[in-house]
Amino acid sequence: MRYRPFGASGKAVSAVSLLLRDAPNMGAPSAWRSLVFGAMENGINCFEVTAGSDVLTLGVGEALAAVERRLIFLGWRLRGSSVGSITARDIADSVRSALQKTRARYLDLLMIDESAIEILTPDAMSYLSDLRTSGVCLQIGIAGDGEAIEQCIGSQTFDVLATSFNLTSDWQARRRIRDASAANMTLIGCNPFPSGLHAKPATRGDVERPMRRGLLGVRRPDPLSSSVGSYAFLQETPGWTHEELCLAYTLTEPAFATIQLEAGRSIDRMAAVPDRDLPTGVAAQIEMARFGQIAAERRA
């Protein structure tokens, strides 16, 4: 595992980190404790816990009790609710619950999900700054890719941005990363595995490439189908899986302090990727495939 500085926090975090959220096959604190222990054994020291599951939070707390607090970077993510707005009291109750159940004493990072940003009350926004000033939450961040997130970039309230990035990311995603970096925000990369690129590429003997109708009814090749073929090398690189290549590519983006994975991934395999360099020529293949996909979408 390799480690990177997390902005101005003074902490070094693992290049690969974990987002923990409730899962149907993780119904006991002991299951989450074992998962976190396994991650730490592979060098991962950065975890973000999604609010809403006592079982998850207690399990993480049991694991953290076995290590020095300063060695772990712990984030807590608030998500939106369909029942109404999120007030300062709602945030205070959630943070208090997190600290009680994890026994962490403080949170390195409080993350506000995009769905929560949209329903924060004015007093809640002010309270976020109070949490940071008091030392209860050392940094405040936002997570998402939409318009609400765009409006928060550069705000004095937020120190961190967690946003999607992978080898197919478009210019808007890349521009968002540049803007956040220019605003001195620490960045976390999310969703490094693009969907639709792991399918077996079509051969001459296969059926005709899928078509879709344009605005005038003209049938055009489906750009997604084209991209699957363009990225066929992801399936053909010896010694690498397509997920390992996708993660290795994302790790080459210097703006990110860490790349965040869902806990369901193979931790030991993914944790080994930061210590490996992309095979010779793969980076060039990725760029050619990406620009080829852009060109295909423009023609469509």
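All of these numbers come straight from a predicted model, not from anything done at the bench.

A. Quick look at helix α5 (residues 122-134). Counted at 1.5 Å a residue, the expected span for α5 with its 13 residues is 18 Å, and the 19 Å between its end C-alpha atoms agrees. Buried residues of α5: A124, L128 and L131, and no others. The arc that holds every buried residue of α5, seen down its axis, measures 65°, which confines them to one face. Exposed residues pointing more than 90 degrees away from the buried face of α5 are listed as P122, T133 and S134.

B. Representation of the sheet that holds strand β4 (residues 46-50) within the structure. Taken in spatial order, the eight strands close into a barrel running β3-β4-β5-β6-β7-β8-β9-β12, and their pairing is parallel. Within the sheet, the average angular offset between the axes of one strand and its neighbour, ignoring direction, is 25°. Note: strand β3 (residues 16-20) against strand β12 (residues 256-262), four bridges, orientation parallel. Pairing of L18 across the sheet is with L261, part of β12. Contacts between helix α2 (residues 54-64) and the sheet are confined to β3, β4 and β5 (73-78), with β4 contributing the most and set at about 155° to the helix.

C. Structural detail: the packing of aromatic side chains. A full pass over the atoms with the stated rule returns four aromatic pairs. Arranged with centres 6.1 Å apart and planes meeting at 40°, the rings of Y231 and F233 form a pair that is tilted. The exposure class assigned to F233 is buried, which follows from its relative accessible area of 9%. Feature note: the residues F165, Y249 and F256 constitute an aromatic cluster, connected by ring pairs. The ring of Y106 has R69 sitting right over it, with the charged end atom 4.0 Å from the ring centre.

D. Quick look at the environment of Q139. Among the structural elements, Q139 can be located in strand β7 (residues 137-143). On the basis of relative accessible area, Q139 is assigned to the buried category, the value being 9%. Taking C-alpha positions, Q139 is 6.4 Å from L110, a pair spaced 29 residues apart along the chain.

E. Broad picture of the side chain of T57. Here T57 lies in helix α2. Taking the relative accessible area as the measure of exposure, T57 reaches 2% and is therefore buried. Of note is the side chain of T57, whose polar atom sits 2.9 Å from the backbone oxygen of S53. If sequence neighbours within four positions are ignored, T57 has contacts with V49, W76, A98, K101 and T102.

Procedures and definitions
- Residues numbered from 1 in each chain as written.
- Predicted model: local features only at pLDDT ≥ 70, side-chain atom pairs only at ≥ 80, totals over all residues.
- Heavy atoms only, no water.
- Helix = DSSP H or I, 4+ residues; strand = E, 2+ residues; numbered from the N terminus.
- Expected span 1.5 Å × (residues − 1).
- Buried < 20%, exposed > 50% of the residue type's maximum accessible area, 1.4 Å probe, protein only.
- Arc of directions from axis to C-beta.
- Pairing = 2+ DSSP bridges.
- Axes fitted to C-alpha atoms, helices over the stretch in contact; angles between N-to-C directions.
- Contact = heavy atoms within 4.5 Å.
- Phe/Tyr/Trp six-rings, centres within 6.5 Å; stacked < 30°, edge-to-face > 60°.
- Lys NZ or Arg CZ within 6 Å of the ring centre and 35° of its normal.
- Polar contact = N/O pair within 3.5 Å; in protein donor to acceptor, adjacent residues only side chain to side chain.

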